[in-house]
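What follows is the residue order along each chain.
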Amino acid sequence: MIEIGSDDEPLFPDADSDAAPTPARGVKRKQPITVVDVDDDTPSPSLSPAAHPSAAATAPARKRAREKAKPFNLLRAMPWRLSAVHRGHGLDNTGCVSILELLKHPPRWILWADYMIDPVWLASAFPYLQDPAVHTEVWVCSKTAPADVKADRDYPGHWRVSKKKGFTSYGCHHSKMAVAAYSEGLRLVVHTANLIYCDVNNKTQGVWWQDFPRKAPGVSKPSAFEDYFVRFMAECGWKEGAVDTLRSYDFSQATADLVGSVPGRHAGGDLARWGHMRLRHLVSSRGAVPGPEADAASYLALQFSSVGSVTDKWLDELLRSMSAGTGAVKVVWPTIDNVRNSVEGYNAGRSIPGTKKNIAKMAAALSNRLRSPPAVLPLYKWTGAREQAMPHIKTYTKVSPGPGDQRTVHYSVLTSANLSSAAWGKLEKSDSQLFMMHFELGVFVSSATIRRGLAASQGGGLFSLPFGPPAPSFAEDGLELCVAGSAPADKAHVPISLPFSDPPEPYTRGDAPWCCDQRWDPSYCKPDCFGMTGPTDASMYGIRQN
């Protein structure tokens with residue numbers, strides 16, 4: 001028998017028994033984010049001239065856009081990074097990373113957890129997954145397995161597939177992560193992409209990863225990161241023996257804190273463990289709150305790809321946890337034109353499922369926080385270096401102005417959680433209980449979290465596996481997070497590349513938010529770069545990585 005945590009291949013828990021564009025026009029490169037092959041104008045399969053004849057003429061325009069781009073050095077000290085998009089799109093990828101790069105080296109075992117997983121794409125993107133010697137486990141939401149994906153046909157027989165459920169019929173498993181074990185250590189990847197072709201190649205996503213070594217002999221005391229990670233995995237249903245495997249790794253150098261959501265009602269000692277109450281605890285305990293003067297001039301940027309039914313009461317509850325304070329709250333949400341002019345055209349809007357009703361409620365709740373009703377919707381466009389790759393990333397970031405053009409980031413959260421009480425939780429019973437419906441996972445980064453990881457490294461630098469991107473190199477003294485490009489190239493500054501313009505660009509008269517249920521509204525009749533006047537109903541599954 002192979003023991004969990006031994007030097008042999010570890011076992012995995014059994015599967016649950018539950019059945020359960022005009023791309024070159026209007027591009028703003030305020031903060032270019034590119035390492036692309038400038039001689040390669042081959043479009044991705046979704047943009048192939050055979051499939052979309054109108055796309056053929058865009059290749060020269062893309063090449064001109066690439067030649068004009070001025071790569072910006074984002075350094076290697078990035079707490080989390082934007083994902084690289086397919087090079088055929090001609091967008092900047094400087095400083096970006098892809099899960100294709102992070103996980104291309106065959107591990108001893110690997111766990112994939114996501115909301116949507118296309119086994120055809122996954123097996124083509126990572127050929128080693130077809131090798132039975134690589135123990136592979138897959139967690140997928142029970143609600144997203146389409147009729148054309150059958151476990152007995154499309155999932156390799158040696159994969160252990162577990163279909164996860166949320167709380168009540170409205171809940172779901174929405175966390176997005178990969179855990180890969182190698183002989184040298186463990187790689188944990190927390191990201192925002194569904195494991196389908198269009199999400200990984202065509203959307204703006206975020207990726208945080210870190211490598212962790214095995215514990216040295218005699219080291220038994222767990223770190224707070226380890227305890228939280230193990231608890232989250234156990235709540236997700238991983239069997240005790242498999243969870244104990246994680247205890248053999250040293251997580252003391254973690255440069256982020258995990259922020260998870262677990263379906264159910266949580267009270268007592270668990271009240272501040274999950275959802276937005278976990279975030280409230282981290283913001284206050286990590287010193288991520290600006291002083292009164294800085295707070296008034298700061299802004300809290302909320303950026304996500306789906307929105308639930310937002311009420312005034314719940315929004316105030318969430319913003320309190322995020323320490324919105326007296327500063328502005330800027331919600332970044334794509335306009336119809338943002339979607340139309342993207343590299344996918346209107347089809348990109350299929351991954352931005354905000355209904356007209358929910359967007360109107362969100363806008364009303366935001367307006368009610370203001371002293372005077374705004375003349376236009378109090379929303380902000382998806383603009384900047386990535387405005388042609390629609391967002392599936394979700395970020396929540398507190399930013400304050402500094403000297404000159406510098407901006408300080410007090411904290412930033414990269415997460416799978418969209419703007420909804422189902423994802424973040426809602427307080428009940430005089431705020432003594434937190435109720436949520438989804439599984440979610442994200443990372444909280446601040447100067448304090450990075451300093452903690454560096455202190456644990458005892459001056460030896462962060463541990464890094466001998467393949468793939470190296471560990472970020474942070475400076476220990478005078479560490480400060482900043483918006484990429486706003487601070488001088490100083491060791492004391494750790495840049496964060498916001499996926500949108502800094503500051504965000506507000507809606508103006510004539511701008512209309514993208515609403516997934518208005519796809520045939522007359523406002524959408526202007527054709528996109530493929531000549532389409534709305535999204536198609538083509539399956540997102542079965543597309544192989546090229």
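For the structure given in this document, a descriptive report is provided here. All of these numbers come straight from a predicted model, not from anything done at the bench.

Comments concerning the nonpolar core
Move 1: M233 and W424 are the most contacted members of the largest nonpolar core, which has 106 residues in total.
Move 2: The greatest single-element share of this core, amounting to six residues, is contributed by helix α6 (residues 224-235).
Move 3: With residues near it in sequence (within four places) discarded, M233 still touches L111, W139, M177, V179, W238, V243 and L246.
Move 4: By size, the runner-up hydrophobic cluster in this structure holds 32 residues, among which are W121, A123, Y182 and W209.

Examining the pattern of salt bridges
Pairing between side chains of opposite charge can happen when their charged atoms approach one another.
Move 1: In total, this model carries 18 salt bridges according to the counting rule given.
Move 2: Here K176 ties to D114 by a salt bridge, and the two come within 3.9 Å at their closest N and O atoms. Of this pair, K176 sits in the loop between β4 (160-164) and β5 (177-181) while D114 sits in strand β2 (residues 109-114), and the two are 62 residues apart along the sequence. The residues K176 and D114 share a single accessibility class, namely buried.
Move 3: Across the pair D295 and K398 runs a salt bridge, and its minimum N-O distance is 3.1 Å.

Remarks on the pairing of strand β6 (residues 185-191)
Move 1: Counting buried positions over the seven residues of β6 gives seven, a clear majority of the element.
Move 2: Residues G185, R187, V189 and H191 of β6 are buried on one face, and the alternating residues L186, L188 and V190, pointing to the opposite face, are buried as well.
Move 3: Pairing geometry for β5 and β6, over five bridges, is antiparallel. Bridging from a neighbouring strand, M177 pairs with V190 of β6.
Move 4: Linkage of β5 to β6, two consecutive antiparallel strands, is achieved through a turn of three residues.

A short note on empty space enclosed by the protein
Move 1: Within this model, the largest cavity holds a volume of roughly 80 Å³.
Move 2: Lining the largest cavity are M78, P79, W80, R81, W208, W209, Q210, T255, L462, P472 and F474.
Move 3: Tallied by class, residues from the lining of the largest cavity come to eight nonpolar, two polar and one charged.
Move 4: In this structure, the second largest cavity encloses a volume near 60 Å³.
Move 5: In terms of lining residues, the second largest cavity is bounded by 13 residues, among which S83, I99, A193, V200 and V207 are the most central.
Move 6: If you list the elements that add at least two residues to the lining of the second largest cavity, you get α5 (197-202) and β7 (206-213).
Move 7: Residue composition of the lining of the second largest cavity, by class: six nonpolar, six polar and one charged.

Quick notes on the rules
Residues numbered from 1 in each chain as written. Predicted model: local features only at pLDDT ≥ 70, side-chain atom pairs only at ≥ 80, totals over all residues. Heavy atoms only, no water. Core = buried A, V, L, I, M, F, W, Y, C linked by side-chain atoms within 4.5 Å. Buried < 20%, exposed > 50% of the residue type's maximum accessible area, 1.4 Å probe, protein only. Helix = DSSP H or I, 4+ residues; strand = E, 2+ residues; numbered from the N terminus. Contact = heavy atoms within 4.5 Å. Salt bridge = Lys/Arg side-chain N within 4 Å of Asp/Glu carboxyl O. Pairing = 2+ DSSP bridges. 1 Å grid on protein atoms, 1.4 Å probe; cavity = no way out; pocket = protein on both sides within 12 Å on 5 of 7 lines; lining within 4 Å. Points joined across faces, edges and corners; volume = space filled by probe spheres on them. Nonpolar A, V, L, I, M, F, W, Y, C, P; charged D, E, K, R; others polar.

Keep in mind these values describe shape, not function.
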